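# Reading the structure
Read off the chains here:
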Amino acid sequence: MLALFRFFIQLAALRRGPQDLPASVVLLVLLAVLNVLVGTANGVALFGGLRAALGANLLDLFLTMVLLFALLQFKGHVARWQQTAGAFFGLGVLAGLIMLTVRSLAEALGIGGVAMLFDLFLAIWLHIALGNVLRHALGIPLLAGVMIMLSYTVLGFNLIARIFPPVVLPS
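Residues numbered from 1 in each chain as written. Predicted model: local features only at pLDDT ≥ 70, side-chain atom pairs only at ≥ 80, totals over all residues. Heavy atoms only, no water.

### Concerning the overall build of the protein chain
Regarding its fold elements, the protein chain presents six helices and zero strands. Ordering the α and β elements of the protein chain from the N terminus gives α-α-α-α-α-α. In the protein chain, buried positions account for 40% of the 171 residues. In the protein chain, 65% of the contacts between residues at least 6 apart in sequence involve partners at least 24 apart. For the protein chain, the separation between the mean place of its 9 positive charges and that of its 4 negative charges on side chains is 10 Å. (Helix = DSSP H or I, 4+ residues; strand = E, 2+ residues; numbered from the N terminus. Buried < 20%, exposed > 50% of the residue type's maximum accessible area, 1.4 Å probe, protein only. Contact = heavy atoms within 4.5 Å. Lys, Arg positive; Asp, Glu negative; His and termini not counted. Charge placed at Lys NZ, Arg CZ, Asp CG, Glu CD.)

### Re helix 2 (residues 25-47)
Of all the bends in helix 2, the greatest, near 40°, is centred on Ala-41. Taken residue by residue, helix 2 has Leu-27, Leu-28, Leu-31, Ala-32, Asn-35, Val-36, Val-38, Gly-39, Thr-40, Asn-42, Gly-43 and Phe-47 as its buried positions. Here the buried face of helix 2 lies against helix 1 (2-12), helix 3 (50-75), helix 4 (81-109) and helix 6 (142-163). (Bend = angle between axes of the 7 residues up to and from the residue.)

### Some points on the packing of aromatic side chains
Counted under the stated rule, the structure contains one aromatic pair. Residues Phe-7 and Phe-8 carry aromatic rings whose centres are separated by 5.1 Å and whose planes lie at 75° to one another, so their mutual orientation is edge-to-face. By relative accessible area, Phe-8 is classed as buried at 6%. (Phe/Tyr/Trp six-rings, centres within 6.5 Å; stacked < 30°, edge-to-face > 60°.)

### Side note on the pattern of salt bridges
One pass over the full model with this rule turns up two salt bridges. A salt bridge links Asp-20 to Arg-16; the shortest N-O distance between them is 3.2 Å. A residue is classified by how much of its surface remains accessible, and Asp-20, at 34% relative accessible area, is partly exposed. For Asp-119, the salt bridge is made with Arg-103, and the minimal N-O distance between the two is 3.2 Å. (Salt bridge = Lys/Arg side-chain N within 4 Å of Asp/Glu carboxyl O.)

### Re the nonpolar core
Among the nonpolar cores identified, the biggest contains 40 residues, and Phe-8, Leu-11, Phe-88, Phe-89, Leu-91 and Leu-134 are the most heavily contacted of them. Looking at this core, the elements that each hand over two or more residues are helix 1, helix 2, helix 3, helix 4, helix 5 (112-138) and helix 6. The leading source of residues in this core is helix 4, at nine residues. Residues within four places of Leu-134 in sequence aside, it is in contact with Leu-68, Leu-71, Phe-88, Gly-139, Ile-140, Gly-145, Ile-148 and Met-149. (Core = buried A, V, L, I, M, F, W, Y, C linked by side-chain atoms within 4.5 Å.)

Below, the structure is given as structure tokens:
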């Protein structure tokens, strides 16, 4: 388990690629479930409840799997789908756990604004790390991978928000 954690830290630092992740259905399912659980925990306030946050995260999981399959199919690398999806989900778990930890600490210290700023930097880093996964999986430049991720985020969130509208929090 420690080796897997180290792998995702190295993947996040752009030192590894998805091809270094073992191709395992069990690992993929585990990472997908953890990704949804951590994402749901992070999304409860945004979506106004556990049920909506879970629905939004399940929809995001489905859209991510479809996007990755389509991109890999287009490039003729569909055999890389399992490792690429696992890398995406693992990075999502890592980022989500960091986000939960920082937000909890910041709220306990009464500096919630700092947590929001940290979330922004974490989101930027996550897009770069996921772009790096696409770089390796698709054989494209890092910038192209990041642009695909930014485009997916905008389109995916808009679709998810139509089905599970975010709650407007009072100022």
